[in-house]
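# Examination of the molecular architecture
What follows is the residue order along each chain.
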Amino acid sequence: MTHNTENMPLSAVNGAIFDFDGTLFDSMFIWKNVGELYLSSLGMEPEEGLGEKLKSYTLEECAVYFRDAYGVNFTTAEIMQSINDIVEDYYMNKVLPKDGIREFLEELKNLGVKMCVATVTDKYLVKAVLEKHGLCGYFSKIFTCAEVGHGKTEPIIYREAMKHLGTTKENTIVFEDSFFAASTAKADGFIIAGVYDRHERNQEGLKDISDLFMTDFEHTDEFFSFTGV
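The notes below deal with the structure included here. These figures come from a predicted structure and were not determined experimentally. (Residues numbered from 1 in each chain as written. Predicted model: local features only at pLDDT ≥ 70, side-chain atom pairs only at ≥ 80, totals over all residues. Heavy atoms only, no water.)

## Concerning the packing of helix 3 (residues 59-70) against helix 4 (residues 76-93)
For the pair helix 3 and helix 4, the least separation of the axes is 9 Å and the interaxial angle reads 115°. With respect to each other, helix 3 and helix 4 are oriented roughly perpendicular. In terms of crossing hand, the pair formed by helix 3 and helix 4 is right-handed. Contacts between helix 3 and helix 4 involve Leu59, Glu60, Ala63, Val64, Phe66 and Arg67 on the former and, on the latter, Thr76, Ile79, Met80, Ile83 and Asn84. (Axes fitted to C-alpha atoms, helices over the stretch in contact; angles between N-to-C directions. Helix = DSSP H or I, 4+ residues; strand = E, 2+ residues; numbered from the N terminus. Parallel < 35°, antiparallel > 145°, perpendicular 65-115°, else oblique. Left-handed = near helix turned anticlockwise from the far one by under 90°. Contact = heavy atoms within 4.5 Å.)

Put into structure tokens, the structure is as follows:
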């Protein structure tokens, strides 16, 4: 774990907002590869770099692309449903929590830190996976970009989560594995805990903007020393 001492918070953290994919759970694989998995299920050969091309697409835009570029002979709605089925199967049967996260959340809970989730993933999936792994009780609410009406290029979801927690930016820490999402929260004045995930390409950028950078959730003594909780 590393931290930027020049950005060290002056007060103890009493609120925590957690991203889901790549932060709490090792689940970024599906979002990087769902296009390839879908096309392969139809016996089609995905183009090289398809995941990178589609990363900024909505689900509907992906479906239209598969129809136009690959000649997939299904309706847009049918393609979207098939992709959702692949994602749901992955979440319910394959995705696992990050190592050490249960113990970390338990320690935060014991210290009185209020916690919630802010994610781009559908709430029903997040809730089901948290419940399956016995982690749902640590979070008072799950916020999704779809529900707040804004993606993580804007800070709205973090502000709504903070409002729910009843904390302030000076004592609310946002856990994110994504450079772009962490940048959004950082620019809005939140304390940032960057979380290592192998699927994030800009690790150095994430480290640079983070107030502290966590390589895992199993060695956290420095986190608790840094935040003062």
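## Brief notes about the nonpolar core
Among the nonpolar cores identified, the biggest contains 50 residues, and Phe18, Phe66, Phe104 and Phe175 are the most heavily contacted of them. Beyond its immediate chain neighbours, meaning those up to four positions away, Phe104 contacts Phe18, Phe175, Met214, Phe217, Thr220, Phe223 and Phe224. Counting 19 residues, the second largest nonpolar core, distinct from the first, contains Cys116, Met162, Val174 and Phe213. (Core = buried A, V, L, I, M, F, W, Y, C linked by side-chain atoms within 4.5 Å. Buried < 20%, exposed > 50% of the residue type's maximum accessible area, 1.4 Å probe, protein only.)

## Brief notes about the packing of aromatic side chains
Each aromatic ring pair is characterised by the separation of its centres together with the angle its planes make. One pass over the full model with this rule turns up 18 aromatic pairs. With centroids separated by 4.8 Å and ring planes inclined at 25°, the aromatic side chains of Phe20 and Phe25 adopt a geometry described as stacked. Accessibility expressed as a relative area gives 0% for Phe20, which makes it buried. Judged by relative accessible area, Phe25 falls into the buried class, the value being 0%. A ring pair is formed by Phe104 and Phe224, whose centres lie 5.7 Å apart and whose planes are at 50°; its orientation type is tilted. Here Phe224 lies in helix 11 (residues 221-227) and Phe104 lies in helix 5 (residues 101-110), a separation of 120 residues in the sequence. Comparing Phe104 with Phe224 shows no difference in burial state: the two are buried. (Phe/Tyr/Trp six-rings, centres within 6.5 Å; stacked < 30°, edge-to-face > 60°.)

## As for a negative patch on the surface
A surface patch of like charges, here negative, comprises Asp99, Glu103, Glu106 and Glu218. Locating Glu106 in the fold gives a position in helix 5. (Patch = residues over 30% accessible without salt bridge, like charges linked within 9 Å, V, L, I, M, F, W, Y side chains within 5 Å. Areas by Shrake-Rupley, 256 points an atom, 1.4 Å probe, with all protein chains shown as cover. Salt bridge = Lys/Arg side-chain N within 4 Å of Asp/Glu carboxyl O. Lys, Arg positive; Asp, Glu negative; His and termini not counted. Charge placed at Lys NZ, Arg CZ, Asp CG, Glu CD.)

## Observations regarding the pattern of salt bridges
Per the counting criterion, the structure on display carries 11 salt bridges. Notably, a salt bridge pairs Lys152 with Asp19, separated by 2.9 Å at the nearest N-O pair. Of this pair, Lys152 sits in the loop between helix 7 (145-148) and helix 8 (156-165) while Asp19 sits in the loop between strand 2 (15-18) and helix 1 (28-41), and the two are 133 residues apart along the sequence. Here Lys152 and Asp19 have matching classes, each one buried. The shortest N-O distance in the salt bridge between Lys53 and Glu47 comes to 2.8 Å. The class for Lys53 is partly exposed, based on a relative accessible area of 36%. By relative accessible area, which is 26% here, Glu47 ends up partly exposed. The network of salt bridges with shared partners includes Asp19, Lys152 and Glu176.

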